Amino acid sequence: MPVFRHLKRIVTDWFLCGMVLATVLAYFFPTFGATGGAMHAEWVVNIGIFVVFFLHGVNLSGEQIRHGLKNTRLHLMVQGFTFGVFPLIWLLSHWLVGSHVPALLMLGFLYLCALPSTISSSVALTGSAGGNVPAAILNASLSSVLGVVVTPLLVSLVVGRGAGGIDLGSTLLDLCMMLLLPLVLGQVLRRWLAGFFGRYKRYTGIIDKLVILLLVYAAFCNSMVSGIWQQQGNGLLLTAALGSALLLAIILWMTTRTARALRFSSADEIAAVFCASKKSLAAGVPMAALIFGNNPGLGLILLPIMIYHPLQLIVCSILAERYASRRRAQVAQADAAVLNAR
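In this text the structure is predicted, and so the values were computed from the model without any measurement. (Residues numbered from 1 in each chain as written. Predicted model: local features only at pLDDT ≥ 70, side-chain atom pairs only at ≥ 80, totals over all residues. Heavy atoms only, no water.)

Draft legend 1. Quick look at the environment of Leu213. With respect to the element layout, Leu213 can be found in helix α11 (residues 201-226). We classify Leu213 as buried; its relative accessible area is 11%. Remark: the alpha-carbon pair of Leu213 and Val20, spanning 193 residues in sequence, is separated by 9.4 Å. Aside from chain neighbours lying at most four places away, what touches Leu213 is Trp14, Phe15, Gly18, Met19 and Ala22. (Helix = DSSP H or I, 4+ residues; strand = E, 2+ residues; numbered from the N terminus. Buried < 20%, exposed > 50% of the residue type's maximum accessible area, 1.4 Å probe, protein only. Contact = heavy atoms within 4.5 Å.)

Here it is as structure tokens:
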């Protein structure tokens, strides 16, 4: 069955297995990866974040982005869902069930809803489904850049600023230094380095994912050392999983209905659904380390995006296959009509 085939692909993905391993290692060896531990996580994290976003800058093609600039309605829809509809869904959820969900987990869902879209998986799935790839590249890339400012701003509106909240000015400066600066630097040097990194893109992708795994490990180590995980109980995982699945189901339904109400072409609908429903683990983990600093609850805050990430890959892979099958059927019907006309 297609569902089991996609599920098998996720289970055998070394990166997703690595996330599970990182949390297990944090349980058994928490002091090693905690702040001030032998791993020196505070230095490793900052260096890793800089390297990851430098590589993103080198690999980001300006020509592909320019090709997708024309469809304004599609861009407005994707960015509106990413930074508008998602947070509104969180506000409604907080009003309905916020008192029954642990505060840190609720903050994690807020952070999930404030995150930018993914780049690699959104573009790959849009391409495999026969969607508008240039538009997907533009929207995913634009979302990542906007997220540097919009994500901490949205979080600060809820948790507050200053004492007990987020120092927004300092956070934005850190994000610009650690995310935008290497991204711009990578773009500037792309002219000379794109060919080299293009030949070894497989290995640069591995470096990207390894850094994320280190960040996940460090975050969960701090949570274990502080005792937060031990205090919350096993029901936390179930709550996070159910909440993530429900959020994904709602947003996929809403994006599909909105794209059809706006009379998008099939290719634009595919790009809109995949870009507007995705949330970036690759950007989310490094940004969380900068926004929340050494917050001992960082492991809980990251839990929703860590669950949402594999869920969106499984469900959107199935959707991509359905879109592709429908497109093949339409092409076959058109070819048959041409033959019958002759």
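Draft legend 2. Representation of the side chain of Lys279. Its location among the elements puts Lys279 in the loop between α14 (266-277) and α15 (281-291). Side-chain polar atoms of Lys279 contact the backbone oxygen of Cys113, separated by 2.9 Å. Leaving out residues up to four positions away in the same chain, Lys279 has contacts with Thr82, Phe86, Leu112, Cys113, Ala114, Leu115, Pro116, Ser117, Thr118, Ile305, Tyr308 and Gln312. (Polar contact = N/O pair within 3.5 Å; in protein donor to acceptor, adjacent residues only side chain to side chain.)

Draft legend 3. View of the packing of helix α4 (residues 41-59) against α15. At a minimum axis distance of 11 Å, the contact between α4 and α15 shows a crossing angle of 140 degrees. If you check the angle between α4 and α15, you find them oblique. In this structure, the crossing between α4 and α15 has a hand that is left-handed. Residues Val45, Asn46, Ile49 and Phe53 of α4 pack against Ala283, Pro286, Ala289 and Leu290 of α15. Considering only residue class, the contact of α4 with α15 consists of 7 nonpolar, 1 polar and no charged. (Axes fitted to C-alpha atoms, helices over the stretch in contact; angles between N-to-C directions. Parallel < 35°, antiparallel > 145°, perpendicular 65-115°, else oblique. Left-handed = near helix turned anticlockwise from the far one by under 90°. Nonpolar A, V, L, I, M, F, W, Y, C, P; charged D, E, K, R; others polar.)

Draft legend 4. Representation of the packing of helix α9 (residues 133-159) against helix α10 (residues 168-199). Running from N to C, α9 and α10 point in directions that differ by 160 degrees, and their axes come no closer than 10 Å. In this view, α9 runs roughly antiparallel relative to α10, as classed from their interaxial angle. In the packing of α9 onto α10, the handedness of the crossing is right-handed. Residues Val145, Val148, Val149, Pro152, Leu153 and Ser156 of α9 form the contact with α10, whose own contacting residues are Leu168, Thr171, Leu172, Leu175, Cys176, Leu179, Leu180 and Leu183. Here the residues of the contact of α9 with α10 sort into 12 nonpolar, 2 polar and no charged.

Draft legend 5. The arrangement of the pattern of salt bridges in detail. Under the defined criterion, the tally for this structure stands at 1 salt bridge. A salt bridge links Glu269 to Arg260; the shortest N-O distance between them is 3.2 Å. Take Glu269: its relative accessible area is 6%, and that puts it in the buried class. Since its relative accessible area comes to 41%, Arg260 is described here as partly exposed. (Salt bridge = Lys/Arg side-chain N within 4 Å of Asp/Glu carboxyl O.)

Draft legend 6. Structural view of the environment of Gly198. Considering the arrangement of structural elements, one finds Gly198 in helix α10. Sequence-wise, Gly198 and Asn59 are 139 residues apart; in three dimensions their C-alpha atoms are separated by 7.5 Å.

Draft legend 7. Structural view of helix α6 (residues 72-97). An ideal rise of 1.5 Å per residue puts 38 Å on 26 residues; α6 measures up with 36 Å between its terminal C-alpha atoms. At Phe81, α6 shows its strongest bend, of approximately 45 degrees. (Expected span 1.5 Å × (residues − 1). Bend = angle between axes of the 7 residues up to and from the residue.)

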